Amino acid sequence: MFIIYQQGAFAENAGNRWKNSTTFTNKHCTLHRKVQSHQLLGNNIYFNQMKPIFVVLRIVGRFPYSFTKTGIAPFSFMSWAFLYSLAFNVAFCVMTTYSVRKIIRDKIYPSQSFDEIMFWCLPLLFGIQSFLGPITFWWDAPRTVKYFKKWKDFEDLWRCRKMYSVKRLRYTRIMSASIIPMTIIIFIYETSTIPKISLFIFLPYIPILVTDLLMLGHWWLTLHDLTLYAEHFLISIFKFASNAVTYLIVLVQMKAHPKALGLHPIQGSGSNKTM
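These numbers were taken from a predicted model, which means no experiment stands behind them.

1. What about the side chain of Thr-183?
Alright, step 1. Mapped onto the elements of the fold, Thr-183 is located in helix α6 (residues 166-193).
Alright, step 2. Thr-183 sits in the buried class, given a relative accessible area of 0%.
Alright, step 3. Engagement of the side chain of Thr-183 in a polar contact is seen with the backbone oxygen of Ile-179, the distance being 2.6 Å.
Alright, step 4. Those residues in contact with Thr-183 that sit more than four places away from it in its chain are Ile-206, Leu-209, Val-210 and Leu-213.

The following block contains the structure:
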């Protein structure tokens, strides 16, 4: 009985070890696939053209991913990108709270003009994005990475390497690099035109405006790329259809009038034999 019990215990332990190893292998394979799906973006035309936009989005704390030479690194709560994004947004949420209190106390309550009250209510509504914007961007960040991966699969399937444009990449870099200085200049000018207001009140709104402008530019460039791809595919379809029609016409002519095309049937070896 003791031997049977030992054999049963050994079999049970072996089964548990096999189950644990299988679970670990499946988890490792799943993690490996996730890492590969994130990292195999180096040759993605769409990703390379949109990368400057998402670099600036990471600067303003909206994209908690790190970039590598081959694409995007896997997400981690302990990565520098996420910790920076978290600290950046917490700091700007505190600044937004202070700015909102300052506007309500110094501008809305003492004002006797309805137009002025409505004017200062707009920054309050605009400041809601400081609290909701990071949450929505963090929530959609994995979907954005998968979206880049789908673009890469699309480009590999349809062989879109010829669609790479240095001009579009240069335009995206210029737009992304100039968006933050341009936004700061806008707020400095706005501060100079409003009496008794400091730039610190409008400082929390700079990342919000930068994010909105970048997303508008991102979607405009995406629609522009889709238009170019559609034109490219339409031209390819027309070329394929014209070549197919030409081939069919030649094939019909070959069968109908072989002599007119200089084609003669090959005589068999039996026709040369003398009777």
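Now that the structure has been shown, the text picks up again.
2. Digging into the pattern of salt bridges
Alright, step 1. Within this structure, the stated rule accounts for three salt bridges.
Alright, step 2. Close ionic contact of Arg-105 with Asp-106 constitutes a salt bridge, the shortest N to O distance being 3.4 Å.
Alright, step 3. Among the charged side chains, a network of salt bridges with common partners joins Lys-102, Arg-105 and Asp-106.

3. A short note on the UniProt feature "transmembrane region" (unreviewed entry) in the protein chain
Alright, step 1. The positions that UniProt labels "transmembrane region" (unreviewed entry) are, in the present scheme, residues 72-96, 117-139, 171-189, 201-221 and 233-252.
Alright, step 2. Along residues 117-139, the helical share is 91% and the strand share 0%, with 34 Å between the first and last C-alpha atoms.

4. Observations regarding helix α2 (residues 45-59)
Alright, step 1. The end-to-end C-alpha separation of α2 is 22 Å, in line with the 21 Å expected for 15 residues at 1.5 Å each.
Alright, step 2. Along its length, α2 reaches its greatest deviation from straightness, about 45 degrees, at Lys-51, and the proline Pro-52 lies no more than four positions downstream.
Alright, step 3. For α2, the full list of buried residues reads Ile-45, Tyr-46, Phe-47, Gln-49, Met-50, Pro-52, Ile-53, Phe-54, Val-56 and Leu-57.
Alright, step 4. A positive backbone phi angle near 75 degrees is found at Gly-61, which sits one or two residues after α2.

5. Quick look at the nonpolar core
Alright, step 1. In this structure, Ile-53, Phe-54, Leu-57, Phe-63 and Ile-72 are the most contacted members of the largest nonpolar core, which totals 41 residues.
Alright, step 2. Looking at this core, the element that brings in the most residues is helix α8 (residues 205-256), giving ten residues.
Alright, step 3. Excluding residues within four positions of it along the chain, Ile-53 makes contact with Thr-172, Met-175, Ser-176, Leu-214, Gly-217, His-218 and Leu-221.

6. Observations regarding a nonpolar patch on the surface
Alright, step 1. Together, Leu-122, Leu-125, Ile-128, Phe-131, Leu-132 and Ile-135 line one region of the surface with nonpolar side chains, adding up to about 600 Å² of accessible area.
Alright, step 2. Residue assignment for the nonpolar patch shows that the elements contributing at least two residues are α4 (114-126) and α5 (129-158).
Alright, step 3. Checked against the element boundaries, Ile-135 lands in helix α5.
Alright, step 4. Take Ile-135: its relative accessible area is 53%, and that puts it in the exposed class.

7. Thoughts on the confidence of the model for the protein chain
Alright, step 1. On average, residues of the protein chain carry a pLDDT of 76, and 74% of them reach 70 or more.
Alright, step 2. Per-element confidence in the protein chain is highest for helix α3 (residues 80-108), whose mean pLDDT is 90, and lowest for helix α1 (residues 2-39), whose mean pLDDT is 42.
Alright, step 3. Predicted confidence is poor over residues 17-39, with pLDDT under 50, and the contacts of this stretch with residues over four places away or in other chains come to 14 contacts.

8. Remarks on the environment of Lys-107
Alright, step 1. You can see Lys-107 is positioned in helix α3.
Alright, step 2. Classification of Lys-107 by relative accessible area gives buried; the value is 12%.
Alright, step 3. Placed ten residues apart in sequence, Lys-107 and Ile-117 show a C-alpha to C-alpha distance of 7.5 Å.
Alright, step 4. Here Lys-107 is in contact with Lys-102, Glu-116, Trp-120, Pro-195, Lys-196 and Ile-197, once residues within four sequence places are set aside.

Parameters and conventions
- Residues numbered from 1 in each chain as written.
- Predicted model: local features only at pLDDT ≥ 70, side-chain atom pairs only at ≥ 80, totals over all residues.
- Heavy atoms only, no water.
- Helix = DSSP H or I, 4+ residues; strand = E, 2+ residues; numbered from the N terminus.
- Buried < 20%, exposed > 50% of the residue type's maximum accessible area, 1.4 Å probe, protein only.
- Polar contact = N/O pair within 3.5 Å; in protein donor to acceptor, adjacent residues only side chain to side chain.
- Contact = heavy atoms within 4.5 Å.
- Salt bridge = Lys/Arg side-chain N within 4 Å of Asp/Glu carboxyl O.
- UniProt positions renumbered as here; feature names shortened; annotations may be inferred.
- Expected span 1.5 Å × (residues − 1).
- Bend = angle between axes of the 7 residues up to and from the residue.
- Core = buried A, V, L, I, M, F, W, Y, C linked by side-chain atoms within 4.5 Å.
- Patch = residues over 30% accessible without salt bridge, like charges linked within 9 Å, V, L, I, M, F, W, Y side chains within 5 Å.
- Areas by Shrake-Rupley, 256 points an atom, 1.4 Å probe, with all protein chains shown as cover.
- pLDDT = per-residue confidence, 0-100.

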